[in-house]
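Coordinate analysis (summary)
So the chains spell out like this:
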Amino acid sequence: MKKLLVFLMIGCMLAAPAAWAQGRQKAEKKSAEAAQPVTHAQLAELLVKALGLVRFLPPSPTAQQLFDILMQNAISPQDGWKADAVVTKADLSRVLVQALRKEDMVENPNDPQSWINLLRELGISVDRLSESIQAVEVLPEGMGQDWTMASTDPLVEGLAFAPSTVQYSVDLNLVVRILTEMETIRGELRPISPTPH
Amino acid sequence: MKRFHILTVAGLLLALAASSALVQADTSPIHVNNRLRLGWDDNVYQVDDPSASGLKRKESFRIIEEIEVLANLNFERTYLGLRYRPSLIWYEDRDNKSTDVLHDLDFNFIHNFSPSLVLSLSDTLRASQLPELQDENFVVRQDDDNIYNSAVATLAYTLRPATRIDLSGRYILLKYTESDYVDKSGALVSHDDDNYYSVVGGLTLHQQLASQTALMVDGRYQALRYPDARDTYNRDADSLFAGVGIEQTFSPQLIGRLRAGVEHRTYDYSGVSDNTCPYGEASVTYLPTPATRITGSASYSLYESDISGYLSQERFYGALSLAHDFTAKLNFYISGAYALNNYEQDYSFDQSRRSGDEDTFLISTRLSYRLNRINWFEVGYQFVMLDSDLAGRESYKRNRVDVGWKIQLF
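Every value quoted in this text rests on a predicted model; they were computed, and no experiment measured them. Throughout this description, residue numbers start from 1 for each chain and increase along the sequence as written. The naming scheme follows written order: chains are lettered A onward, ligands numbered 1 onward. Under the rules for a predicted model, residues below a pLDDT of 70 receive no local features and side-chain atom pairs below 80 are neither given nor counted, while totals for whole chains, interfaces and linings still include all residues. Side-chain figures throughout are based on the complete set of non-hydrogen atoms in the structure, without hydrogens or water.

Quick look at the overall build of chain A now. Counting from the N terminus, the helices are DSSP H or I runs at least four residues long and the strands are E runs at least two residues long. Within chain A one finds eight helices and one strand. The helix and strand sequence of chain A, counted from the amino end, reads α-α-α-α-α-α-α-α-β. For chain A, with 197 residues in total, the buried portion stands at 58%. Sequence-distant contacts, at least 24 apart, represent 50% of the contacts inside chain A between residues at least 6 apart. Surface accessibility in these figures is a Shrake-Rupley result with a 1.4 Å probe; residues are shielded only by whichever protein chains are displayed. Roughly 8,500 Å² of accessible area belongs to chain A as shown, and the carbon and sulfur atoms make up 58% of that amount. To sort residues, take the accessible area from a 1.4 Å probe on protein chains only and compare it with the maximum for the residue type: under 20% means buried, over 50% means exposed, and anything in between is partly exposed. Whether two residues touch is decided by their heavy atoms; if any such pair falls within 4.5 Å, the residues are in contact.

With that out of the way, let us pick up the side chain of B:N43. Counting through the fold element by element, B:N43 comes out in strand β1 (residues 30-48). Within polar-contact distance, the side chain of B:N43 engages the backbone oxygen of B:K397 at 2.8 Å. Here a polar contact is taken to be a pair of N or O atoms separated by no more than 3.5 Å, where protein atoms must pair a possible hydrogen donor with a possible acceptor and residues adjacent in sequence count only if both atoms sit in side chains.

Turning our attention to helix α3 (residues 63-72) of chain A. All names here are of chain A. α3 sits mainly inside the fold: ten of its ten residues count as buried. Along α3, the positions that sit buried rather than exposed are A63, Q64, Q65, L66, F67, D68, I69, L70, M71 and Q72. Two residues or fewer past α3, A74 is found with a positive phi of approximately 60 degrees.

Residue and element names in this part refer to chain B. Note on aromatic contacts: the rings of Phe and Tyr and the six-membered ring of Trp form a pair at centre separations within 6.5 Å, being stacked when their planes are under 30 degrees apart, edge-to-face when over 60 apart, and tilted otherwise. Going through the model one piece at a time under the given rule, you end up with eleven aromatic pairs over all chains. Ring geometry for Y267 against Y347: centres 5.5 Å apart, planes inclined by 45 degrees, an arrangement best described as tilted. Of the two residues, Y267 sits in strand β15 (residues 254-267) while Y347 sits in the loop between β19 (330-343) and β20 (356-370), which places them 80 residues apart along the sequence. Y347 matches Y267 in its accessibility class, with the two residues each being buried. Through pairs of rings, three or more aromatic residues link up here, namely Y233, Y269 and F349. For R315, the ring lying beneath its charged end belongs to Y303, and the centroid distance is 4.3 Å. Only when the NZ of Lys or the CZ of Arg is both within 6 Å of the ring centre and within 35 degrees of the ring normal is a charge said to sit over the ring. A cation over a ring is seen here: K406 above W376, with NZ or CZ 5.0 Å from the ring centre.

What follows covers the nonpolar core. Nonpolar cores are built from buried Ala, Val, Leu, Ile, Met, Phe, Trp, Tyr and Cys residues. Side-chain atoms within 4.5 Å join them into one set. Grouped together as the largest cluster of nonpolar side chains are 46 residues, with contacts concentrated most on A:L47, A:L51, A:L70 and A:W81. Taken together, the elements giving at least two residues each to this core come down to α2 (40-50), α3, α4 (89-99) and α5 (112-121) of chain A. Counting ten residues, the second-largest nonpolar core is a separate cluster that includes B:Y317, B:A337, B:A339 and B:Y396.

With that settled, the discussion passes to the pattern of salt bridges. Residue and element names in this part refer to chain B. Here, a salt bridge means any Lys or Arg side-chain nitrogen found within 4 Å of an Asp or Glu carboxyl oxygen. With the rule as written, the count across this model stands at 28 salt bridges over all chains. E66 is paired through a salt bridge with R35; the nearest N and O atoms lie 3.9 Å apart. Taken together, the positions of E66 in strand β2 (residues 55-74) and R35 in strand β1 put the pair 31 residues apart, joining distant regions of the chain. Of the two residues examined, E66 and R35, each falls in the buried class. Between D325 and R293 there is a salt bridge; the shortest N-O distance is 2.8 Å. Taken as a pair, D325 in strand β18 (residues 312-325) and R293 in strand β17 (residues 292-304) lie far apart in primary sequence, 32 residues in all. For the pair D325 and R293, a shared accessibility class is recorded, and that class is buried.

Turning to the environment of B:L38, a few remarks are in order. Residue and element names in this part refer to chain B. Here L38 lies in strand β1. C-alpha separation for the pair L38 and L240, spaced 202 residues apart in sequence, amounts to 46 Å. Leave out the neighbours within four places in its chain, and L38 touches F61, R62, I63, V401, D402 and V403.

This brings us to the confidence of the model for chain B. All names here are of chain B. Think of pLDDT as the predictor's per-residue confidence, scored from 0 to 100. Scored by pLDDT, chain B has a mean of 85; 88% of the residues are at 70 or more. Low pLDDT, under 50, characterises residues 11-25; the predicted model gives this stretch eleven contacts beyond four residues in sequence or across chains. The ipTM assigned to the predicted complex is 0.85, against a pTM of 0.81.

Before going further, it helps to examine unusual backbone geometry. The phi dihedral of A:S60 falls on the positive side, at around 50 degrees, and the residue is not glycine. Among the secondary structure elements, A:S60 is positioned in the loop between α2 and α3.

A few words now on the environment of B:T249. In this structure, B:T249 sits in strand β14 (residues 237-251). Between the C-alpha atom of B:T249 and that of B:R315, which follows or precedes it by 66 residues, the distance is 28 Å. Apart from the residues lying within four places of it in its own chain, the contact partners of B:T249 are A:Q64, A:W81, B:Q212, B:L254 and B:I255. For B:T249, the side chain forms a polar contact with the side chain of A:Q64, separated by 3.3 Å.

All right, on to the side chain of A:D153 then. Mapped onto the elements, A:D153 comes out in the loop between α7 (147-150) and α8 (172-179). A:D153 sits in the buried class, given a relative accessible area of 7%. Side-chain polar atoms of A:D153 contact the backbone nitrogen of A:L155, separated by 2.9 Å. Dropping the residues within four chain positions of it, A:D153 is found in contact with B:R220, B:R259 and B:E281.

This part covers the pairing of β2(B). All names here are of chain B. DSSP bridges decide pairing: two strands pair if at least two such bridges lie between them. Bridge analysis of β2 against strand β3 (residues 78-91) gives eleven bridges, and the strand direction is antiparallel. Bridged to I64 within β3 is I89. Between β2 and β3, which pair antiparallel one after the other, the connecting turn spans three residues.

The structure is reproduced here in structure tokens:
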């Protein structure tokens, strides 16, 4: 019995540093992950969610589709969106100011520091993305080209000129929605011809 | 309609429950907008005019009242978006019944199980309460109350940093509340011929080739069923799709997407042969200046028929939109869409029906002025035109103008 206890103690003593090392490795990995640079694709995903633009996109959109919807809403880094490019402070401050619809307050739009300065004046830090993104609210005038109308994908396509939420904010959705009163859902895009009473 | 009410109440309860969990958030996750529009419609409907050749248009002043409730909930691994928008449209001069009520509900849910496994769910519900309309001795429109719902689920798995595979399913339902109506010739027609559901399954492989290029390969299966239709109007079909796509960032201001493939459609109806047709779609977004955005798209494919007498149609669709900010407060939008629908005699139930085309043109423009942080003033104009060379179909033009006020209540 004694032998067994000794073996157990030795085993525990040997295992402890290994477990500690493993735990430390995990913590380091987690902290390394947190410190990992953020890519444009990751930033775009966070922005699309924060701005309430998800509804304009098909499920599980690609990075390009995320960039597209942000561009349609006038949100883009100085040198454009690139899937694997790392987000710089200049990129982040620019897209945040655009997302907040404060670009007219930027003193010198050609100077990246002006965008950063404006955010500081607004009390928004660009040091931590998770904190910065919380300052972004749903766009009151969010817009997006209607994917469902032009799509040939049966997973995406909508009814022809059928009710739709998204048509570049011109409210073509309202136009086509009201067309339903003319039997659009039945597919006949016209005022209905008379039928005998 | 009962099912719709249940869904709406469920959606609102979900929004309320979610909102209570978010009181601590720095920014409010719930927003409510109200939009009131006063407008003129020069063609609410048109009827044969016995006193003259041609058609008589019914014009009317109208008021549109619309409330929009938005919920946008962001958690560490989960996202929930909800939008409910009821609209009431009142016509000053429309016989029998002066109002229509529309309900739009959009639901989006995303959950990240891990960095490489993401589940997305979305639901789009549209319900229309469209009462019967009469003009003198004619029924212009029978009760067209209906529900359209589309639910999509996608499971995305990232195999490698540049490779992703999506497994998706979709269920679409269109259901009319009223089952029978009398058509132009006096015959009893059943809405049951038009009720349908569709089930779609698909697999997509995405490959990011470089920072600016991505490729896709996809396969789809679609079953389309009209469960209540008579045998003589059986439009049931099964389709298989195989396609490839590319997404490209051409410059910081220009990105585009192209997708193409082949569809093979098999019909249940014994009088027609299978149909194999290529399909394609393209879209571009271009920012010529920081204040201007242009988006264009075009597509060509086989499509569900808009006319009950045909099993399917070949459809070309093109759209172009432009948004321009004159100032931070004054914004201009214009969008146009064109559709060319081609119907073949070979794919009709009745061989006396001939082949023909229909052109539809739609344009809409809006000028919006932001009065202050929460108020907008808007002016809009829409034009719709249908030009049909098919028997029994009437061409028409319709103009609508409106002025509106939008307020973000909170």
